[in-house]
There are 4 protein chains.
Amino acid sequence: MSDTKTKTVKDAVHDHIQVEDVALDLLDTPEMQRLRHIRQLGTAYLVYPSANHTRFEHSLGVYHLAKKAMKSLGVDGRDAEAISAASLLHDVGHTPFSHTVEDVVEEYTGKRHDEVDGILEGNISEVLENHDLDPHRIARLIRGEGRLGQIVSGKLDVDRMDYLVRDAHHTGVPYGTIDSTRLILELELHDGDLVLGEGNVQTAEALLIARSLMHPTVYSHHVARISKAMLKRATRRLVETTDLTGDDVRRMDDHQLVVSLRQSPETADLGRRIVERRLYKRAVWEPYQRLPNSVEDGASVRDFEDEIGSEAGVDPRRIILDVSPPPEIDETSASVLVDGDKKTIDEASRLVGDLRASLVDQWKYGVYCPQEDIEDVASAFESLCV
Amino acid sequence: MSDTKTKTVKDAVHDHIQVEDVALDLLDTPEMQRLRHIRQLGTAYLVYPSANHTRFEHSLGVYHLAKKAMKSLGVDGRDAEAISAASLLHDVGHTPFSHTVEDVVEEYTGKRHDEVDGILEGNISEVLENHDLDPHRIARLIRGEGRLGQIVSGKLDVDRMDYLVRDAHHTGVPYGTIDSTRLILELELHDGDLVLGEGNVQTAEALLIARSLMHPTVYSHHVARISKAMLKRATRRLVETTDLTGDDVRRMDDHQLVVSLRQSPETADLGRRIVERRLYKRAVWEPYQRLPNSVEDGASVRDFEDEIGSEAGVDPRRIILDVSPPPEIDETSASVLVDGDKKTIDEASRLVGDLRASLVDQWKYGVYCPQEDIEDVASAFESLCV
Amino acid sequence: MSDTKTKTVKDAVHDHIQVEDVALDLLDTPEMQRLRHIRQLGTAYLVYPSANHTRFEHSLGVYHLAKKAMKSLGVDGRDAEAISAASLLHDVGHTPFSHTVEDVVEEYTGKRHDEVDGILEGNISEVLENHDLDPHRIARLIRGEGRLGQIVSGKLDVDRMDYLVRDAHHTGVPYGTIDSTRLILELELHDGDLVLGEGNVQTAEALLIARSLMHPTVYSHHVARISKAMLKRATRRLVETTDLTGDDVRRMDDHQLVVSLRQSPETADLGRRIVERRLYKRAVWEPYQRLPNSVEDGASVRDFEDEIGSEAGVDPRRIILDVSPPPEIDETSASVLVDGDKKTIDEASRLVGDLRASLVDQWKYGVYCPQEDIEDVASAFESLCV
Amino acid sequence: MSDTKTKTVKDAVHDHIQVEDVALDLLDTPEMQRLRHIRQLGTAYLVYPSANHTRFEHSLGVYHLAKKAMKSLGVDGRDAEAISAASLLHDVGHTPFSHTVEDVVEEYTGKRHDEVDGILEGNISEVLENHDLDPHRIARLIRGEGRLGQIVSGKLDVDRMDYLVRDAHHTGVPYGTIDSTRLILELELHDGDLVLGEGNVQTAEALLIARSLMHPTVYSHHVARISKAMLKRATRRLVETTDLTGDDVRRMDDHQLVVSLRQSPETADLGRRIVERRLYKRAVWEPYQRLPNSVEDGASVRDFEDEIGSEAGVDPRRIILDVSPPPEIDETSASVLVDGDKKTIDEASRLVGDLRASLVDQWKYGVYCPQEDIEDVASAFESLCV
């Protein structure tokens, strides 16, 4: 055994993960440890009871795959250390409940999880500097900038290679099982771009397919969407009615947000409903293409909820209009070599356009409210939309 | 498809679990939903980052295996419905962080998790009565009373068949992989006792072995023991220094306990240490057999901590003497048929005695404290024990 | 435990399979036991070394899933026993090396594996009659005739639900992992047709996608195609140059065919090449759309090989022109309920047309020969095709 | 990607195995390819239908683990290449049906599978010499000689780490699931001996336990023992009654042995019985400790079978007395560091002695014969043993 500092962590997906050098020190910061208390899939555990995995284990998995990718690509030395740090840290800026709460926090702070200003100061910055790594460079890598940044955050990044497999393992849904080792072995740097090597159109298609199958089944399952919408509503109200700011919420973990929601009188009902899974139901659930033109931006959504409420005689704070747009499958612009030329998967594969179209076809918008108000809300909506 | 009310839940371990009848209504109670927020393995996720599975999914798994066992044993009708309810409810009395906090709560309330007084009133009692089930009977089954109660809680209960496999799946440690289907198919009712049928001495040994391998690797891993001891200490202090009672703690979920610990000044340091994994270290770690005679019961443990503190010049509240006894492997008294006679595994297998002895051999007691005090505490302990 | 005769078989895919009644007796016939020596995927083990699973274990798996489907569909009594028998027997007419040799045998005998004349006489017929089952009815079920026959052989049959998962397990390729339990639970009989119930367009798409991903990766991998073409060539020559008939070959198992090929002077070289994996290489490998018009039916293929041989100065018996057509994805005409109406998946899903088109796009034809003749054969082919 | 010749093989157990350098050339020899047609577990597929995995995939797995072990131990350069070659080649001397036939072949040739004289000449020797490797050195490594030879063949060799996991995967029996990566990471070279590092007594115990659980369940299952005894009997008769020598048999693969047995009149019945699984049954099945003293060595076994035959009025060629001794668990003498000292597991663990004793306790000897002769043979045996 060599004398570099190494620690082996057992992971349910990748078995033994060897953590070394800067990663070992980063792991010990409170900022990284906080990710142990943020569920990877937000409220999806209300649909898939086993989906309790966290951003922490996912971060370790991404770090593990990044090291494999670098070995395969021949990246080593300082570059490798920077990528190691960036891959481990890539989710450190996440809000509680992952993407669910992120949108709300962004409204109030203008920041998304990859704007990792937190690593430019405090414990993490200190660890990075102790290892002669420039925190600004790491932040850029996390945002996917530069040739190597694509390994961490790009169309073919190791982030999605980990989460597809991990989400499949913990939900029990088989569709996410991609061949991540093959994907990594086939990565090449070509004209400064990360691409899949020759003969991999179908490898790329398989990745796309996995993502597009996981969407309706897991990520956008209607119960996941309802609970997500409720959590957003509750978080927004928390910021509006208490002295907690968007930045305060951003730094919480799941424990803290849940307890805050339950403690504040204005959010207690929604908070309890989420943890007790007494969720709103669908009063309206219609194809997204038939979305009334009038409801498109955030402002009018709220107006429209008010209108429905007054038409239905229901408190509008208990009505949620969910017009979140269909998911983007951004792997479609990833590149693959075909007869020596770099093509986007979009160009190289017939399937891709239709996978995207199929997701849009199946996509719905909804109006949610408590069980007892469903009929009133449904007819109010109908009369307003004529 | 029949017209009974049925819901299929996807589980990472058992794939599809069909939930029916009384179980379906029980699942919707806040009491059952609370189990979604109680980690099955308490603080073991600090050693195994993927070990975030909950009492909720475990309860579903136990319910699923109980139904298989009843099918194999030919139990049906009202008995089957009672066992279904009991198996789903068996952990509803659990404290946050599972067994870790249970011991502390017991000190203050005298209740353990299988004293499920909570099901005798409120939502659960109501659901049971709606299905013509007597809550007192269900409570007795959960405590393992009677012939059928052994399915839910006995030496060969489906509880352990679920958790061994589930803990293995989520930690990534392979040792828990038992052949639960075989165990269930081989169960028989013999003279009013649940036994393994003829030719299953080795099946029983395999179960015992799985349990005794999981102990040192997972359940009693030294980091798990340290974090457990810290959590107990913090919880005890929470009850002693705030107006929260043992019963209040008993009804919390993990979120609430963690936040309470962090909010109360007397427990904030320990609370933050646990969530940030800045754990105490071992100043002393010695074979349990060499435990000084003077430290045996709870009272003298605390006195001894004080003595160490004053000898070492360290605040005794930051010193933990962990003399928790070696685990019991109670499957040893489970029965198996050998040439037509009922024997305990203990009698039927040579291995069993030594498995137990081996666990005791390897067992340690420890003194834990913050990193910076290790040397002082270690020498104080040594000087006191001479 | 009931007193029906039951045997539990441990399976790598489905864990414990309970075999009962007629199935138990059928399993003991030499005809069924022969399937232990026929590899499920023919020569694919030359690409995927772990792909040594057999028609025997697959047959057990199909029997197991058929019983689950019948439980879900409410089929029982005599019908259930007939389907049990048919599902276990469905592959009993298979040639050695599964589909590879089947085409050749069909040329000489006019029979495919589902023309199970063998079950109308001999041991199997006897077992069936002992259980009051009409062998002719079973044969019809195996050919997919009638409402219930669709369970065994139809667009949504349990055959493919077993082989996709089994082939994935044994090759290590993840793409075949479908959610077979969900598929089975969603089956309904609607107007005498087996369909997927409401809300399952995506369930059906997932099945199609699994099949279309397994094709290029496993079933039609170029090394699998080359070895298949060589085995066909060798088998054809065996029938033409020895006194073995097509029917003799049909009744062999893998052992017997391999040894026969190695023993007969005319086939010894090809036989040894296959078992030693000294395979022919691709002299030509071109998009199927560019297949010269002149080579379309079997007869002209052989003529064309002769022409290439004489142009290249190479023994034409060592040249193989492989113009096998692209795979059919026949699930596309399976039915699914959409808003109460029965639709084919083709109609209900945009994806389907493109999945099929994508397989055709990627499909190639090839000319194979020994390594040392590649250049000669390639230029001969080119000059003939101008 | 580096420019060394590399090929990736997909394996059901280890996922992607990268084969490089000398291993790549060795893989292409007919001697290695032959292992594709030798089942790893001999006739165990008659008990576990999925157990059709071969010596070929196992050899790749052992090669893969050997490389991991060398990386962990810091072995590189020429030594690493030698070990790579030895690990891949370690089973190349195997008879058909693995260990079953090996004993018979040894009687006639005096050679076991690790006496790999075959690699000293022919294709393999040529490949080794092309890579500047001395075939004699490789042969010594395969026999476990020297410090490094222990990696390939020793008490803690990678051979058993592969086969335990692989046999579990393919039989579906969970007991073999050891944590091979942990075992490998904990290997150390200490005073020229391969040992497990400090703190690994339980890691070693887990390995031992896995082996001792796999024995009664898989390797020595009574049906496996009966079919094994029948195959030995048939092979012995083949050599005695045809002009095939022990060496001829040694070089066969499974296909060839099965067909030879079925073709030769003296062995046809046994051969057919094995492939059709019409196995002999147990007329006697008694604790090994009660084995009559008179039957101990090979010669008297045959005499005793004759005596039983004449007493029972049954052709003695149809009676098999199986007195094969209990399995050795040789890991018990593997070494592990305890407080800096090298101890055998035997010394370090209480469990070990009892595991061995338990295997002996449960061990049986048996007399097998066709179903119809069971009663006659049983009473003949009884009367002879009084």
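Residues numbered from 1 in each chain as written. Chains lettered and ligands numbered in written order. Predicted model: local features only at pLDDT ≥ 70, side-chain atom pairs only at ≥ 80, totals over all residues. Heavy atoms only, no water.

**Focus: the sheet that holds strand 3 (residues 187–190) of chain D**
Residues and elements named next belong to chain D.
Here's step 1: Overall, mixed pairing links the four strands, which are arranged 3-4-7-8 in an open sheet. Each edge of the open sheet carries a strand with a single partner, namely strand 3 and strand 8 (341–344). Adjacent strand axes in the sheet meet at a mean angle of 50 degrees, parallel and antiparallel pairs treated alike. (Pairing = 2+ DSSP bridges. Helix = DSSP H or I, 4+ residues; strand = E, 2+ residues; numbered from the N terminus. Axes fitted to C-alpha atoms, helices over the stretch in contact; angles between N-to-C directions.)

**Quick look at the interface of chain B and chain A**
Here's step 1: At the interface, 39 residues of chain B touch 39 residues of chain A.
Here's step 2: Buried surface at the junction of chain B and chain A, summed over both partners, amounts to about 3200 Å²; 53% is from carbon and sulfur atoms.
Here's step 3: Considering only the side of chain B, the residues that lose the most area to chain A are B:Lys10, B:Arg36 and B:His255, jointly responsible for 19% of the buried surface there.
Here's step 4: At the surface where chain B touches chain A, the tally comes to two salt bridges.
Here's step 5: The partner of A:Arg262 in a salt bridge is B:Asp253, and the shortest N-O contact between them spans 3.9 Å.
Here's step 6: Here chain B is connected to chain A by 16 residue pairs in polar contact (both at pLDDT 80 or more). (Contact = heavy atoms within 4.5 Å. Buried area = accessible area lost by both parts, 1.4 Å probe. Salt bridge = Lys/Arg side-chain N within 4 Å of Asp/Glu carboxyl O. Polar contact = N/O pair within 3.5 Å; in protein donor to acceptor, adjacent residues only side chain to side chain.)

**Section: the environment of B:Leu156**
Residues and elements named next belong to chain B.
Here's step 1: Relative to the assigned elements, leucine 156 resides in the loop between helix 8 (146–152) and helix 9 (158–171).
Here's step 2: When the C-alpha atoms of leucine 156 and leucine 196 are compared, they prove to be 8.4 Å apart, with 40 residues separating the residues in sequence.
Here's step 3: Not counting residues up to four positions away in its chain, the partners in contact with leucine 156 are Met161, Leu187, Leu194, Val195, Leu196, Leu207, Ala334 and Ser335.

**What to know about the interface of chain B and chain C**
Here's step 1: Taken together, the contact between chain B and chain C spans 12 residues of the former and 12 residues of the latter.
Here's step 2: Regarding the contact of chain B and chain C, the summed buried area is about 920 Å², with carbon and sulfur atoms giving 49% of it.
Here's step 3: Across the chain B-chain C interface, the total number found is two salt bridges.
Here's step 4: Notably, a salt bridge pairs B:Lys10 with C:Asp179, separated by 2.8 Å at the nearest N-O pair.
Here's step 5: There are six residue pairs in polar contact (both at pLDDT 80 or more) connecting chain B and chain C.
Here's step 6: Those elements giving two or more residues to the side of chain B that touches chain C turn out to be strand 1 (6–11), strand 2 (15–20) and helix 10 (180–185) of chain B.
Here's step 7: Among the residues forming the side of chain B that touches chain C, the class breakdown is three nonpolar, five polar and four charged. (Nonpolar A, V, L, I, M, F, W, Y, C, P; charged D, E, K, R; others polar.)

**A look at the relation of the copies chain B and chain A**
Here's step 1: Once chain B is rotated about the relating axis by 180 degrees and shifted along it by 0.0 Å, it coincides with chain A to within an RMSD of 0.0 Å. Here the two chains are linked by the operation of a two-fold rotation axis. Among all residues of chain B, the minimum C-alpha distance to the rotation axis is found for B:His255, at 2.1 Å.
Here's step 2: Residue by residue, 100% of the interface of chain B is reproduced at the interface of chain A, so both copies engage with the same surface. (Least-squares fit on C-alpha atoms with pLDDT ≥ 70 in both.)

**Regarding the side chain of D:Ser87**
Residues and elements named next belong to chain D.
Here's step 1: With respect to the element layout, serine 87 can be found in helix 4 (residues 77–89).
Here's step 2: With a relative accessible area of 0%, serine 87 lands in the buried category.
Here's step 3: A distance of 2.9 Å separates the side chain of serine 87 from the backbone oxygen of serine 84, its partner in a polar contact.
Here's step 4: Setting aside anything within four residues of it in sequence, one finds serine 87 in contact with Ser59, Val62, Tyr63, Ala66 and Val152. (Buried < 20%, exposed > 50% of the residue type's maximum accessible area, 1.4 Å probe, protein only.)

**Let's talk about helix 9 (residues 158–171) of chain D**
Side chains that are three or four residues apart share a direction in an α-helix, a result of its 3.6 residues per turn.
Residues and elements named next belong to chain D.
Here's step 1: Here helix 9 is 14 residues long and its end C-alpha atoms lie 20 Å apart, about the 20 Å a rise of 1.5 Å per residue gives.
Here's step 2: Taking burial as the measure, the 14 residues of helix 9 include 13 buried ones, the bulk of the element.
Here's step 3: Two residues or fewer after helix 9 comes glycine 172, characterised by a positive phi angle close to 90 degrees. (Expected span 1.5 Å × (residues − 1).)

**Side note on the packing of helix 4 (residues 77–89) of chain A against helix 7 (residues 135–142) of chain A**
All names here are of chain A.
Here's step 1: Two numbers describe how helix 4 lies on helix 7: the axes approach to 9 Å, and their chain directions differ by 65 degrees. For the pair helix 4 and helix 7, the crossing hand works out as right-handed. On helix 7, the residues touching Arg78, Asp79, Ala82, Ile83, Ala85, Ala86 and Leu89 of helix 4 are Arg137, Ile138, Leu141 and Ile142.
Here's step 2: Of the residues contributing to the contact of helix 4 with helix 7, the split by class is eight nonpolar, no polar and three charged. (Left-handed = near helix turned anticlockwise from the far one by under 90°.)

**Examining the confidence of the model for chain A**
Residues and elements named next belong to chain A.
Here's step 1: On average, residues of chain A score 91 in pLDDT, and 98% of them reach the 70 mark or higher.
Here's step 2: Confidence, expressed as mean pLDDT per element, reaches its minimum in chain A at helix 18 (residues 350–362) with 82 and its maximum at helix 3 (residues 55–73) with 97.
Here's step 3: Taken together, the chains of this predicted complex give a pTM of 0.92 and an interface ipTM of 0.92. (pLDDT = per-residue confidence, 0-100.)

**A closer look at the pattern of salt bridges**
Here's step 1: One pass over the structure, following the stated rule, counts 108 salt bridges over all chains.
Here's step 2: Among the salt bridges present, the one from B:Asp269 reaches B:Arg273, with a minimum N-O distance of 3.4 Å. One end of the pair, B:Asp269, and the other, B:Arg273, are both in helix 15 (residues 268–275), four residues apart, so they sit about a helical turn from each other.
Here's step 3: Through salt bridges with shared partners, one network takes in A:Lys10, A:Asp15 and D:Asp179.

**Observations regarding the packing of aromatic side chains**
All names here are of chain D.
Here's step 1: Evaluated as defined, the whole model comprises 15 aromatic pairs over all chains.
Here's step 2: Judged by centre distance (6.4 Å) and plane angle (75 degrees), the rings of tyrosine 163 and tyrosine 219 are edge-to-face. A residue pair is termed long-range when its members are at least 10 positions apart, and tyrosine 163 in helix 9 and tyrosine 219 in helix 11 (residues 201–219) qualify at 56 residues.
Here's step 3: Ring centres of tryptophan 285 and tyrosine 368 lie 6.5 Å apart, and the angle between their planes is 40 degrees; this geometry places the pair in the tilted category. Here tryptophan 285 is found in strand 5 (residues 281–287), whereas its partner tyrosine 368 is found in strand 9 (residues 364–369), with 83 residues between them in sequence. (Phe/Tyr/Trp six-rings, centres within 6.5 Å; stacked < 30°, edge-to-face > 60°.)

**So, the pairing of strand 7 (residues 335–338) of chain C**
Residues and elements named next belong to chain C.
Here's step 1: With two bridges connecting them, strand 4 (residues 193–196) and strand 7 associate as parallel partners. Note that in strand 7 the partner of valine 195 across the bridge is serine 335.
Here's step 2: When strand 7 meets strand 8 (residues 341–344), the two strands line up antiparallel, connected through four bridges. When the sheet's bridge partners are listed, valine 336 is paired in strand 8 with lysine 343.
Here's step 3: Between strand 7 and strand 8, which follow one another and run antiparallel, lie two residues, and aspartate 339 among them has a positive phi close to 50 degrees.

**As for the sheet that holds strand 7 of chain C**
All names here are of chain C.
Here's step 1: With mixed pairing, four strands are arranged side by side in an open sheet as 3-4-7-8. Edge positions in the sheet fall to strand 3 (187–190) and strand 8, since each has one partner strand and no second. Averaged over all pairs of adjacent strands, the angle between strand axes in this sheet comes to 50 degrees, irrespective of strand direction.

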